[in-house]
Amino acid sequence: MSPQPPTPVAGRFTRRTLLKATTATAVAFAELETLAAAAASFVKGVDISWAPQMEARGYSWKNAGGQTQDLLTILKGYGITAVCLRTFVNPSNDPANGHCGINEVAAFAKRVKAAGMSIMLDYMFGDTWNSVGVQNPPAAWRNMSYSQMRTAMSTYVNQTMTVMKNNDVLPTWVQIGNEINSGICRPVGSVSSPAQLTGLLNAAYDQVKAVSPNSTVCIHLAQPQKYDVMTTFFSRFAANGGKWDMSVFSSYGSADLAAGIVGNMKRISDAYGKPFLQSEFGGRVDRASSTQASLVAYIKALKTNGGQGMFYWEPECMSPFTGYNMGAWDSSSKRPTAIMNGFTQA
């Protein structure tokens, strides 16, 4: 008979067991260090694209102490380090639904940069709002063929990114489309025509990189709780050679949904090997306590899952400038509500 290995004595470690335990511990520590690093560099941001139009109409903001102060200064006091700015192609002069042409965006971006904050540029690829339910091309592109629209897309993105470059305000992140679950510039770039959708988005990607190689180009989808919609988009986009650097998501769910929704963001991002962040969040300003709790819950879930940041959509808005009721400022006192404290509590 071959000699048998000695039976391990209870309470003693074999060399193999010790090595396995040491390796597992090292892996666990490495994962913890990665999560800790992500949490330390976590981006707290806001979209305040309405601010210049509000200022032009006499609006101002007070800090929590009741003193009128520059909006960017107040936001920095809550730990905000980044600002998202949308841009329309040929917008109207409507204060709430227009403006945001690239020259106006660049002018405001200079103030953001001077305040020491990073910039995210959100291409709407329309003359006004495009979102999860609406993806209309700009009027000038409406009757174009796919090849004509792809050329127009390349020209437009190159020109607008060049404006940002010439103003020394190149964005850290660029969203090529806003909540594009169903595609962009529909029907030409519909998700049901994935080769054309991908061609248009890749044209945008290539021109962002041509002007600003270091900008992180993002694909932005809404409602990540609808996991099948997420997988439909990304599987078709990836299968057709889609190019992107980061996946970003909109979600306005309540605090009790945050963990599951962020978990879906992570699943999608892991499937394609891309980092992720939440580029839109908001809640009712007249329910400040619950919105604050939701903000804290999302930030904590994002940090736990390796998400790189969170942007609040238009916290500065006040009536009667707009009837949008998911800002974070009190229209009567012009002071920030308790919602903004969520940024300092997570």
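Residues numbered from 1 in each chain as written. Predicted model: local features only at pLDDT ≥ 70, side-chain atom pairs only at ≥ 80, totals over all residues. Heavy atoms only, no water.

Caption draft 1: Region of the structure containing the side chain of R86. Relative to the helices and strands, R86 resides in strand β4 (residues 82-87). The exposure class of R86 is buried, given its relative accessible area of 1%. (Helix = DSSP H or I, 4+ residues; strand = E, 2+ residues; numbered from the N terminus. Buried < 20%, exposed > 50% of the residue type's maximum accessible area, 1.4 Å probe, protein only.)

Caption draft 2: Main features of the layout of surface pockets. Quantified by volume, the largest pocket comes out at close to 170 Å³. If you trace the largest pocket, you find it lined by M124, W129, N130, S131, N178, E179, Y252, E280, W313, Y324 and M326. Of the residues belonging to the lining of the largest pocket, the class tally is six nonpolar, three polar and two charged. (1 Å grid on protein atoms, 1.4 Å probe; cavity = no way out; pocket = protein on both sides within 12 Å on 5 of 7 lines; lining within 4 Å. Points joined across faces, edges and corners; volume = space filled by probe spheres on them. Nonpolar A, V, L, I, M, F, W, Y, C, P; charged D, E, K, R; others polar.)

Caption draft 3: Spotlight on the pairing of strand β12 (residues 309-313). Counting buried positions along β12 gives five out of five residues, so the element sits mostly inside the fold. Neither face of β12 is left uncovered, since the one carrying G309, F311 and W313 and the one carrying M310 and Y312 both have all their residues buried.

Caption draft 4: Highlighting the pattern of salt bridges. All told, the structure shown has nine salt bridges when counted by the stated rule. Linking K243 and D206 is a salt bridge whose minimum nitrogen-to-oxygen distance equals 2.8 Å. Highlighted residues: K243 in the loop between α7 (227-239) and β10 (246-250) and D206 in helix α6 (residues 194-211), separated in sequence by 37 residues. With relative accessibility at 33%, the residue D206 sits in the partly exposed group. Connected via shared salt-bridge partners are D47, R86 and E314. (Salt bridge = Lys/Arg side-chain N within 4 Å of Asp/Glu carboxyl O.)

Caption draft 5: Structural context of the environment of M149. Structurally, M149 can be placed in helix α5 (residues 146-166). Overall, the relative accessible area of 0% leaves M149 in the buried class. Among residues more than four places away in sequence, those in contact with M149 are P137, W141, M144, C185, V188 and L200. (Contact = heavy atoms within 4.5 Å.)

Caption draft 6: Structural view of the packing of α7 against helix α8 (residues 258-272). Taken N-terminus to C-terminus, the directions of α7 and α8 make an angle of 20°; their axes are 11 Å apart at the nearest point. By the angle between their axes, α7 is roughly parallel relative to α8. For α7 against α8, the interelement crossing comes out right-handed. Touching Y227, M230, T231, F234, S235 and A238 of α7 are N264, R267, I268 and Y272, all from α8. In terms of residue class, the contact of α7 with α8 is built from six nonpolar, three polar and one charged. (Axes fitted to C-alpha atoms, helices over the stretch in contact; angles between N-to-C directions. Parallel < 35°, antiparallel > 145°, perpendicular 65-115°, else oblique. Left-handed = near helix turned anticlockwise from the far one by under 90°.)

Caption draft 7: Structural context of the pairing of strand β6 (residues 173-176). In β6, alternate side chains face the same way, and those of W173 and Q175 on one face and V174 and I176 on the other are all buried. In terms of strand pairing, strand β5 (residues 118-123) meets β6 through four bridges, oriented parallel. Bridge assignment links D122 to a residue of β6, and that residue is Q175. (Pairing = 2+ DSSP bridges.)

Caption draft 8: Spotlight on the nonpolar core. Judged by nonpolar contacts, the single largest core of 90 residues is most densely connected at F125, M153, I176, I219 and F233. Core analysis: the second largest hydrophobic core is formed by ten residues, V43, A82, M120 and W173 among them. (Core = buried A, V, L, I, M, F, W, Y, C linked by side-chain atoms within 4.5 Å.)

Caption draft 9: Structural context of the packing of aromatic side chains. The final tally for this structure, using the stated rule, is 22 aromatic pairs. Relative to Y272, the ring of F234 lies with its centre 5.8 Å away and its plane at 35°, an arrangement referred to as tilted. Here F234, found in helix α7, pairs with Y272, found in helix α8; they are 38 residues apart in sequence, far enough to count as distant. Here F234 falls in the buried class, since its relative accessible area comes to 0%. An aromatic cluster is present here, built from W50, Y59, F88, W129, W313, F321 and Y324 joined pairwise through their rings. A cation over a ring is seen here: R86 above W50, with NZ or CZ 5.4 Å from the ring centre. (Phe/Tyr/Trp six-rings, centres within 6.5 Å; stacked < 30°, edge-to-face > 60°. Lys NZ or Arg CZ within 6 Å of the ring centre and 35° of its normal.)

Caption draft 10: Looking closely at the confidence of the model for the protein. Here the protein averages 92 in pLDDT, and 89% of its residues register 70 or above. Here residues 1-11 is a poorly scored stretch, pLDDT under 50, and it has one contact once near neighbours within four places are set aside; other chains count. (pLDDT = per-residue confidence, 0-100.)

Caption draft 11: View of the packing of α6 against α7. Running from N to C, α6 and α7 point in directions that differ by 75°, and their axes come no closer than 9 Å. As far as their axial angle goes, α7 and α6 are roughly perpendicular. On α7, the residues that touch P194, L197, T198, L201 and N202 of α6 are F233, R236 and F237. For the contact of α6 with α7, the class distribution of residues is five nonpolar, two polar and one charged.

Caption draft 12: Main features of the state of the cysteines. Here the structure, examined in full by the defined rule, presents zero disulfides. In this structure C84 is not part of a disulfide, and its nearest cysteine sulfur, from C218, lies 9.2 Å away. For C84, a relative accessible area of 2% gives the class buried. (Disulfide = S-S within 2.5 Å.)

Caption draft 13: Looking closely at α7. Between its first and last C-alpha, α7 extends 18 Å over 13 residues, near the 18 Å set by a 1.5 Å rise per residue. Every buried residue of α7 is listed here: M230, F233, F234 and F237. When α7 is viewed along its axis, its buried side chains cluster within an angular range of 85° and face the same direction. Facing away from the buried surface of α7 by more than 90 degrees, the exposed residues are D228 and A239. At the C-terminal side of α7, G241 shows a positive phi close to 85°. (Expected span 1.5 Å × (residues − 1). Arc of directions from axis to C-beta.)

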